[in-house]
Amino acid sequence: MRFVILGPPGAGKGTQAAVLSNRLGVPHISTGDLFRAHIGQSTQLGIQAQKYLDAGDLVPSSITVDMVKDRISEPDTSAGYLLDGFPRTIDQAHALEKILAESGTRLDGVLSFAIDENVVIARMLARGRADDDEHVIRHRLRVYQDETAPLLTYYHGLVRTIDALGEVGEVTTRALSAVNR
Ligand code: AMP
């Protein structure tokens, strides 16, 4: 089972993906988490990526795509995965298609988290991550609208939209029913 999770920053994708990963028995692959782990370990990739995360800009695809390719070739992905935060641009979606084609696999669906922008701004201000300063939050939302939201059209036939507003458990129920639809 291979799903992409789409939605603006602060929509709760990471929280839900972690729960769904347990329920569905496939790994949760978050490019943001992978970057933060590299930054925490001061790897070469982390050093390159840091300035982009700090500014709320996208890390160049040349770095991102190779990192995803390596991750989804690991043995724990044989039954599938939940991709959270990738692809984030049409170019990355093309790169993913190529990776999938090379392994003879395809996406089962795209889970889209729909939520009001004012709600996500309030949530992100409350969670206080390093890149959750208000100016950077607004920039990340703009990047999402410009670069990532067009993927909803790109993936139209695969998209299953859920209302991402509500208690964590309620949203999980909606997400599971959308995945199993
Ligand atoms: P996230 O945890 O998904 O909100 O991602 C945090 C930050 O990591 C983003 O603001 C970007 O700087 C970077 N990032 C995560 N995924 C990608 C991606 N697919 N392409 C480029 N940059 C990314």
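Residues numbered from 1 in each chain as written. Predicted model: local features only at pLDDT ≥ 70, side-chain atom pairs only at ≥ 80, totals over all residues. Heavy atoms only, no water.

## Concerning the packing of helix H2 (residues 31–40) against helix H4 (residues 61–71)
Thought 1: Across the interface, H2 lies against H4 with an axial gap of 11 Å and an inter-helix angle of 100°. By the criterion of interaxial angle, the relationship of H2 to H4 is roughly perpendicular. Residue-level inspection shows Thr31, Leu34, Phe35 and His38 of H2 in contact with H4, the latter providing Ile63, Thr64, Met67, Val68 and Arg71.
Thought 2: Here the contact of H2 with H4 is built from residues that sort into five nonpolar, three polar and one charged. (Axes fitted to C-alpha atoms, helices over the stretch in contact; angles between N-to-C directions. Helix = DSSP H or I, 4+ residues; strand = E, 2+ residues; numbered from the N terminus. Parallel < 35°, antiparallel > 145°, perpendicular 65-115°, else oblique. Contact = heavy atoms within 4.5 Å. Nonpolar A, V, L, I, M, F, W, Y, C, P; charged D, E, K, R; others polar.)

## A few points about the sheet that holds strand S5 (residues 159–163)
Note: strands within a sheet are paired through backbone hydrogen bonds, in either parallel or antiparallel orientation.
Thought 1: Spatial strand order, S2-S3-S1-S4-S5: five strands in an open sheet with parallel pairing. Each edge of the open sheet carries a strand with a single partner, namely strand S2 (28–30) and S5. Going across the sheet, the axis of each strand differs from the next one's by a mean of 25°, ignoring polarity.
Thought 2: With four bridges joining them, strand S1 (residues 2–6) and strand S4 (residues 109–114) adopt parallel strand pairing. When the sheet's bridge partners are listed, Phe3 is paired in S4 with Gly109.
Thought 3: Each of S1, S4 and S5 touches helix H9 (residues 168–180); the most contacted strand, S5, lies at about 165° to it. (Pairing = 2+ DSSP bridges.)

## Re the pattern of salt bridges
Thought 1: Following the criterion strictly, the structure yields ten salt bridges and no others.
Thought 2: For Arg36, the salt bridge is made with Asp33, and the minimal N-O distance between the two is 2.9 Å. Here Asp33 and Arg36 lie together in helix H2, a separation of three residues that amounts to about one turn.
Thought 3: Judged by relative accessible area, Arg36 falls into the partly exposed class, the value being 29%.
Thought 4: Salt bridges sharing common partners tie together Arg127, Arg129, Asp131, Asp132 and Arg140. (Salt bridge = Lys/Arg side-chain N within 4 Å of Asp/Glu carboxyl O. Buried < 20%, exposed > 50% of the residue type's maximum accessible area, 1.4 Å probe, protein only.)

## Quick notes on the packing of aromatic side chains
Aromatic ring pairs are reported here in terms of the distance separating the ring centres and the angle at which the planes meet.
Thought 1: Evaluated as defined, the whole model comprises one aromatic pair.
Thought 2: Relative to Tyr155, the ring of Tyr154 lies with its centre 5.0 Å away and its plane at 80°, an arrangement referred to as edge-to-face.
Thought 3: Judged by relative accessible area, Tyr155 falls into the buried class, the value being 6%. (Phe/Tyr/Trp six-rings, centres within 6.5 Å; stacked < 30°, edge-to-face > 60°.)

## Some details on the site of the ligand
Thought 1: Near the ligand, the surroundings consist of 16 residues, among which Thr31, Arg36, Asp57, Gly85 and Gln92 are the closest.
Thought 2: Separating a nitrogen atom of the ligand from a backbone N or O atom of Gly85 is a distance of 2.8 Å.
Thought 3: Measuring from a nitrogen atom of the ligand, one finds a side-chain N or O atom of Arg88 at 3.0 Å.
Thought 4: Contact with the protein chains removes 96% of the 480 Å² of surface that the ligand exposes when unbound.
Thought 5: Judged by the proximity of its atoms to the pocket grid, the ligand belongs to the largest pocket.
Thought 6: Those elements that provide at least two residues to the shell around the ligand are H2 and helix H3 (44–55).
Thought 7: Taken together, the residues that form the shell around the ligand break down as six nonpolar, five polar and five charged. (Near = heavy atom within 4 Å. Polar contact = N/O pair within 3.5 Å; in protein donor to acceptor, adjacent residues only side chain to side chain. Areas by Shrake-Rupley, 256 points an atom, 1.4 Å probe, with all protein chains shown as cover. 1 Å grid on protein atoms, 1.4 Å probe; cavity = no way out; pocket = protein on both sides within 12 Å on 5 of 7 lines; lining within 4 Å. Sits in = over half its atoms within 2 Å of the grid points.)

## Topic: unusual backbone geometry
Thought 1: A cis amide bond links Phe86 with the next residue in sequence, Pro87, at an omega value of -5°.
Thought 2: At Ser42, a position not held by glycine, the phi torsion is positive, near 50°.
Thought 3: By secondary structure assignment, the location of Ser42 is in the loop between H2 and H3.

## What to know about the nonpolar core
Generally speaking, nonpolar side chains in soluble globular proteins are found buried as a group.
Thought 1: Formed by 22 residues in total, the largest nonpolar core has its most connected members in Leu20, Leu82, Leu111, Phe113 and Ile162.
Thought 2: Looking at which element gives the most residues to this core, the answer is H9, with five residues.
Thought 3: Ignoring anything within four residues of it in the chain, the contact list for Ile162 reads Leu111, Ser112, Phe113, Ala114, Val171, Arg174, Ala175 and Ala178.
Thought 4: Counting residues in hydrophobic clusters, the runner-up holds 18 residues, among them Val4, Leu6, Phe86 and Leu151. (Core = buried A, V, L, I, M, F, W, Y, C linked by side-chain atoms within 4.5 Å.)

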